[in-house]
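# Structural description and commentary
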Amino acid sequence: KTGQPPGCAVHHCSKRHAFGVWAAERAALRPHKHMKDHPPRRRPAALLPRLLLAAPVAVFMVLYARTERTRRPETTKAGLIYLRIADPRHRQDAFRASWPPWLPALEASARANARSVTYYFIGAPANVTCVNCVEIPLDLAGLRARVAKYLGVADMEIKSVKNKICDLKPMWPVLFPEVSARHEWVGFADADVLFGDLAAEVDLLTASDDLLVPSSWHPYPLANGNFMLFRSTARVLQAFRGAGWREAVRSPGYSVFDEWHGRGSATDFGHALLEMHLNGKLRPKPTSRLFLQDAVSGGRALMERPAALRATWARGRLRVAYRGPCYCSKDVVPQFAIAHCSECVFRAGATPDVTVARDLEVLAYHMLYTKPWIGRKYAVAPALRDCEAFALWKSETSREHHLECVDAPR
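Residues numbered from 1 in each chain as written. Predicted model: local features only at pLDDT ≥ 70, side-chain atom pairs only at ≥ 80, totals over all residues. Heavy atoms only, no water.

### Re the overall build of the chain
Of regular secondary structure, the chain possesses 13 helices and 15 strands. In the chain, the proportion of contacts linking residues at least 24 apart, taken out of those at least 6 apart, comes to 68%. When the accessible area of the chain is evaluated, it comes to approximately 21400 Å², of which 57% is carbon and sulfur surface. (Helix = DSSP H or I, 4+ residues; strand = E, 2+ residues; numbered from the N terminus. Contact = heavy atoms within 4.5 Å. Areas by Shrake-Rupley, 256 points an atom, 1.4 Å probe, with all protein chains shown as cover.)

What follows is the structure, given as structure tokens:
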């Protein structure tokens, strides 16, 4: 009736049954508790073969990463394009396609701006060694192919390769999408421009900026063929389509499309940028420091006697000291500001009988009139690329320019 085995008292059998259940539970839990209190240890003999098998893979990954860093610099905020291509039809133009004799100075400047700028030397071999410098081989046939592919113009006419490259400057970021895709900002520069602290200008760019333009060209005319940086967005990089870009590509002569004083009021790049700016579709930013030209309209140059000039590059910064006559610009671009005086406000294009003395840190110095004196009359030492400081200077009594290593100022 009670359901207990026959011959057993109720209280004895129930106690035995409970003890058996408890003992079984303890036996089942014992392995888990033992594993928790005493986790198993891997024997070194079992781990060593795995490490030996993984070692070659790890070594390969380290060496590959180091090779990639050496071959291709890390991505920077901005990419700056230089383009030099020879014309195979004219052998006498070969010297124009090779990089200028002051390339070591350009390389030293590039190395100092490695924090924020990658330099792209496209076209003829430059043989630069700076870690933030990339060379992209390109000949005239390759340029034609890119124009056909990215601009849709297969019938580009060329009378002068040098002038055609200038007309194409606003289109360079589109012609080299592999460069534009790597950077938040991309632009172009002339090879006869010596830069100081360009990285500082790039670091100041914010999300509200679309265009970096030398301060003398801001707010008008914005466009210039010496130096510009564009935000890498389709809206900004395609801005050239707002003017006569197709005619400039097809025309055999120089249309001055990259500037603001082209063949017609609505045909150059300056017109396209101005219209976007006036319609609130472009947010240009001026450089914080002066982009200094060595010449103004009318042919006057800082190299003219009796002016003394010294541009000193040291530790990534550029200072220009000028002492000489006042020169006033007669156009809308005060690109000669270091030699301006107060009389220029009322006497545009004049040369008042006033002596000007200034010593400024500048962003860049454009050797427009100076370069023939450096390139043809005076050799430039390759050691410039390793100089802590170098100077471009002339005395008051001569037009002769010197570009050489100097002691760094304290």
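Continuing now.
### Notes on the nonpolar core
Core analysis: the biggest nonpolar cluster contains 77 residues, and L80, Y82, F121, L151, F195, F227 and F269 have the highest contact counts within it. Residues in contact with L80, not counting those within four places in the same chain, are V117, T118, Y119, Y120, G187, F188, A189, F195, L198, F227 and L229. Counting 31 residues, the second-largest nonpolar core is a separate cluster that includes A105, Y322, C326 and Y365. (Core = buried A, V, L, I, M, F, W, Y, C linked by side-chain atoms within 4.5 Å. Buried < 20%, exposed > 50% of the residue type's maximum accessible area, 1.4 Å probe, protein only.)

### Side note on the pattern of salt bridges
Summed over the entire model, instances satisfying the criterion amount to 15 salt bridges. For D210, the salt bridge is made with R235, and the minimal N-O distance between the two is 3.1 Å. Linking D210 in the loop between α9 (198-203) and β6 (211-213) with R235 in helix α10 (residues 234-237), this pair joins segments that are 25 residues apart in sequence. We classify D210 as buried; its relative accessible area is 0%. We note a salt bridge from E361 to R289, for which the minimum N-O separation is 3.5 Å. One end of the pair, E361, is in strand β12 (residues 355-362); the other, R289, is in the loop between β8 (284-286) and β9 (291-293), and 72 residues separate them in sequence. Overlapping salt bridges, with partners in common, bring together D197, R289, R317 and E361 in one network. (Salt bridge = Lys/Arg side-chain N within 4 Å of Asp/Glu carboxyl O.)

### Description of the sheet that holds strand β7 (residues 227-231)
Pairing is mixed across the open sheet formed by 7 strands, whose spatial order is β3-β2-β1-β4-β7-β6-β8. The outermost strands of the open sheet, each flanked by one partner alone, are β3 (133-137) and β8. Averaged over all pairs of adjacent strands, the angle between their axes in this sheet comes to 20°, without regard to strand direction. Taken together, the 5 bridges between strand β4 (residues 185-189) and β7 define a ladder with antiparallel strand orientation. Within β7, the position partnered with V186 by the bridge is F230. (Pairing = 2+ DSSP bridges. Axes fitted to C-alpha atoms, helices over the stretch in contact; angles between N-to-C directions.)

### Observations concerning the environment of N224
Turning to its location among the elements, N224 is positioned in the loop between β6 and β7. In the structure, N224 is positioned 35 residues away from A189 in sequence and 9.9 Å away in space, judged by C-alpha atoms. When residues no more than four places from it in sequence are discounted, the contact partners of N224 are F188, V213, P214, W217, D258 and E259. Only 2.9 Å separates the side chain of N224 from the backbone nitrogen of N226, close enough to count as a polar contact. Reaching out from N224, the side chain makes a polar contact with the backbone nitrogen of F227 at a distance of 3.1 Å. (Polar contact = N/O pair within 3.5 Å; in protein donor to acceptor, adjacent residues only side chain to side chain.)

### Brief notes about helix α4 (residues 103-112)
Among the 10 residues that make up α4, 8 are buried, leaving the element largely enclosed by the rest of the structure. For α4, the set of buried residues is L103, P104, A105, L106, E107, A108, S109 and A110.

### Things to note about the state of the cysteines
Under the counting rule described, the total for this entry stands at 4 disulfides. A disulfide bridge connects C326 with C341, and the sulfur atoms are separated by 2.1 Å. With the S-S dihedral at roughly -80°, the linkage between C326 and C341 falls on the left-handed side. Linking C326 in the loop between β11 (317-325) and β12 with C341 in the loop between β11 and β12, this pair joins segments that are 15 residues apart in sequence. Between C328 and C344 runs a disulfide, and the two sulfur atoms are separated by 2.0 Å. Disulfide C328-C344: torsion about the S-S bond near -75°, hence left-handed. One end of the pair, C328, is in the loop between β11 and β12; the other, C344, is in the loop between β11 and β12, with 16 residues separating them in the sequence. (Disulfide = S-S within 2.5 Å.)

### Comments concerning the packing of aromatic side chains
Going through the model one piece at a time under the given rule, you end up with 13 aromatic pairs. When the centroid spacing of 5.4 Å and the interplanar angle of 10° are considered together, the rings of Y82 and F121 count as stacked. With a gap of 39 residues between them, Y82 in strand β1 (residues 78-84) and F121 in strand β2 (residues 117-123) connect regions that are remote in the sequence. On the accessibility criterion, F121 (0% relative accessible area) is buried. With a centroid separation of 6.2 Å and an interplanar angle of 55°, the aromatic rings of F230 and F269 are classed as tilted. With F230 in strand β7 and F269 in helix α12 (residues 269-278), the pair connects residues that are 39 residues apart, well separated along the chain. An identical accessibility class is assigned to F230 and F269; each is buried. Ring pairs connect the aromatic residues W172, F188, F230, F257 and F269, which therefore count as one cluster. Cation over ring: R241 sits above W245, and NZ or CZ is 4.8 Å from the ring centre. (Phe/Tyr/Trp six-rings, centres within 6.5 Å; stacked < 30°, edge-to-face > 60°. Lys NZ or Arg CZ within 6 Å of the ring centre and 35° of its normal.)

### So, the side chain of K394
Residue placement: K394 occurs in strand β14 (residues 389-394). Using a relative accessible area of 3% as the deciding quantity, one classes K394 as buried. From its side chain, K394 meets the backbone oxygen of S398 in a polar contact 2.9 Å long.

### Here's the deal with the sheet that holds β11
Taken in spatial order, the 5 strands line up as β12-β11-β10-β14-β15 in an open sheet, and their pairing is antiparallel. Whereas interior strands pair on both sides, the edge strands pair on one side only; in this sheet they are β12 and β15 (402-405). Strand-to-strand twist of the sheet, defined as the mean angle between neighbouring strand axes without regard to direction, takes the value 10°. Bridging between strand β10 (residues 308-314) and β11 involves 7 bridges; their strand directions are antiparallel. Opposite A308, over in β11, you have R323 as the bridge partner. Contacts from α4 reach β10, β14 and β15 within the one sheet, and its direction differs from that of β10 by about 45°.

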